[in-house]
Amino acid sequence: MNNKFSLAFFSRAVCFIAILSLVFSSCSKEKEPVVVSVTSVSFDISNATMEVSEEQQLTATISPSNAINKTITWTSSNPTVATVSATGLVKAVAQGSATITATCGSKSAVCNVTIIEYADLSMYDVHGNKLSARSTANCYVVKKAGLYKIPMVYGNAIKNGTANTNAYDASASIYENHLKQHIDHKGVAINTGNAQKDPWVSQKYEIQKAGIVWQDSKNLVTGIEISGTAGVKEEKYVKFKVEEGNFTQGNAVVAIYDKDNEVAWSYHIWVTDVNLKSVSVKGRDDGKVYKMMPVNLGWCAPSSANSKNGGKYGNSLYYQFGRKDPFVADNGEYVGKAKTFYGPDGKENTGFSTEDLGKNDVVASIKNPGVYNKNQERVAYTNLWQYASRKSVYDPSPVGYKVAPRAAFSGFLKSGLLTYDKAEINRKGDFEGGYNFYTTGWQTGELIFLPITEWRYFDTGELASGSKYSSFLTNETASFTNCAPRTVSFGVSIANLSTGRQSIGMAIRAIEED
């Protein structure tokens, strides 16, 4: 009996222990963590284009969302082009391409990054040489195809990296006909005393966009846009490209627009591969040596259309005194026909708007860079292009240059200001599309060629034809009180250093700044 009881008790105890073992075993398994592995890594983008110095945050997504190990390792295939931080922040270092990889466990994702760089034209001279500090202008020279940007600055308001107040403040002048404070498109003085912000149009106004006013070669300048956020007051740039297949000698005017859709300022882009090395020219009266550009502003080499005329004079842009923006050139035949150009709509044109923008047209000229002002009393100030021989913010010349004074041309005559005797003209050879002039004295020195330019009539803006003159505006007026611009003209048997109508349009030959 006892043995049977012991056996039964023992059997039941074993069974009970087995059940407890199963229960505890089951509980133990439920508490063990389930290991969920990463199945994939993905990016929100697979390709990115960035500018040098720009930063962009990449976001990597781990799947499944409940994966145990979500630690990401970030790498760049080319850190000299683009670097990436431990949190996926990509920084563009230099032009080129790189692959950014995010790795988690055995899985990874890649983003192909292309770094582009817009060359800042205010950091280069007219020869394409890098400057040590920023210098701005109303005209910028492009020497080869590429991506470019222009700071939204009032003309030459920045020189050698600092505010050039001499370019927009003439308050020290004692002359009544001097503009004491150069003004913007709203008629407001550029100078407010803030040397950091005053030079920048985009620090003063909410710039919304940029666009073509005109260009004289189809698609010469494309991809025009503004940097930063539209409407935000900050240091902004106009960005554009000159494509390899469209590179040719030509010109374009690009404008920036404020929130009222008014032109706040505009810039001349001169695309050329011409060697612009200056020629030393000695003034006859003052004995000063001027370093003169070898061609006119915006000059383009002759095409087959005008090669029959000697193939020398090509195309020269036209300017009105005191205005910073050029007008389209003659077609090179000098028979009263303009060079073909393309407006904002990309359509082909040969004529442009001529209106009466009124007297004292500084504001109207800024707002209407493509409109020729036929008002014959349009100039109210004598220092629009220079004050005390210093270049102003309205001067149309590129960095390092300014519009030439009359004295720079004086050595091209033997004496006086007017002659009808070609023997009195300091030339070599006959008039063939213009004259080659001696530069250092009577019949001595290097030669410089002044081509036929003709002019635009003061009352209509139409092109002159048939007269075969080399005609230029200078940076001066008749006197401190007389606003008629001083002009220079050379023909077959005439040289005339005189004055012209206020609304006449002529070419410009620039000289290096002092």
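Scroll up for the structure.
Here we summarise the structure given alongside this text. Treat the numbers as computed from the prediction; the structure is a model and nothing was measured. (Residues numbered from 1 in each chain as written. Predicted model: local features only at pLDDT ≥ 70, side-chain atom pairs only at ≥ 80, totals over all residues. Heavy atoms only, no water.)

### Observations concerning the overall build of the protein chain
Okay, step 1: Across its full length, the protein chain holds three helices and 38 strands.
Okay, step 2: Compactness check: the protein chain gives a C-alpha radius of gyration of 35 Å against a globular reference of 24 Å for 514 residues, more than 25% above the reference.
Okay, step 3: C-alpha extents for the protein chain along the principal axes are approximately 155 × 50 × 40 Å.
Okay, step 4: A separation threshold of at least 6 residues defines the contact pool for the protein chain, and within that pool the share at least 24 residues apart is 59%.
Okay, step 5: Carbon and sulfur atoms make up 50% of the accessible area of the protein chain, which totals about 22800 Å². (Helix = DSSP H or I, 4+ residues; strand = E, 2+ residues; numbered from the N terminus. Rg over C-alpha atoms; globule rule 2.2 N^0.38 Å. Contact = heavy atoms within 4.5 Å. Areas by Shrake-Rupley, 256 points an atom, 1.4 Å probe, with all protein chains shown as cover.)

### With respect to the sheet that holds strand β8 (residues 96–104)
Strands belonging to one sheet form pairs held by backbone hydrogen bonds; the direction of such a pair is parallel or antiparallel.
Okay, step 1: The strand order across the open sheet built from four strands is β2-β9-β8-β5, with neighbouring strands paired in mixed fashion. With partners counted over all chains shown, the strands left at the sheet margins are β2 (47–51) and β5 (73–76), one partner each. For this sheet the average axis-to-axis angle between neighbouring strands, irrespective of direction, equals 25 degrees. (Pairing = 2+ DSSP bridges. Axes fitted to C-alpha atoms, helices over the stretch in contact; angles between N-to-C directions.)

### Quick word on the sheet that holds strand β3 (residues 55–57)
Okay, step 1: With antiparallel pairing, the three strands of this open sheet are ordered in space as β3-β7-β6. Both outer strands of the open sheet, β3 and β6 (82–84), are each paired with one neighbouring strand and no more. Across the sheet, the axes of successive neighbouring strands diverge by a mean angle of 20 degrees, strand direction being ignored.
Okay, step 2: Bridge analysis of β6 against strand β7 (residues 89–92) gives three bridges, and the strand direction is antiparallel. Looking at β7, one finds that Thr-83 is bridged to Lys-91.

### Examining the side chain of Glu-476
Okay, step 1: The topology assignment puts Glu-476 in strand β34 (residues 470–477).
Okay, step 2: Polar contacts involving the side chain of Glu-476 include one to the main-chain amide nitrogen of Arg-406, which spans 3.0 Å.
Okay, step 3: The contact partners of Glu-476, leaving out residues within four places of it in the chain, are Phe-321, Gln-386, Pro-405, Arg-406, Pro-485 and Arg-486. (Polar contact = N/O pair within 3.5 Å; in protein donor to acceptor, adjacent residues only side chain to side chain.)

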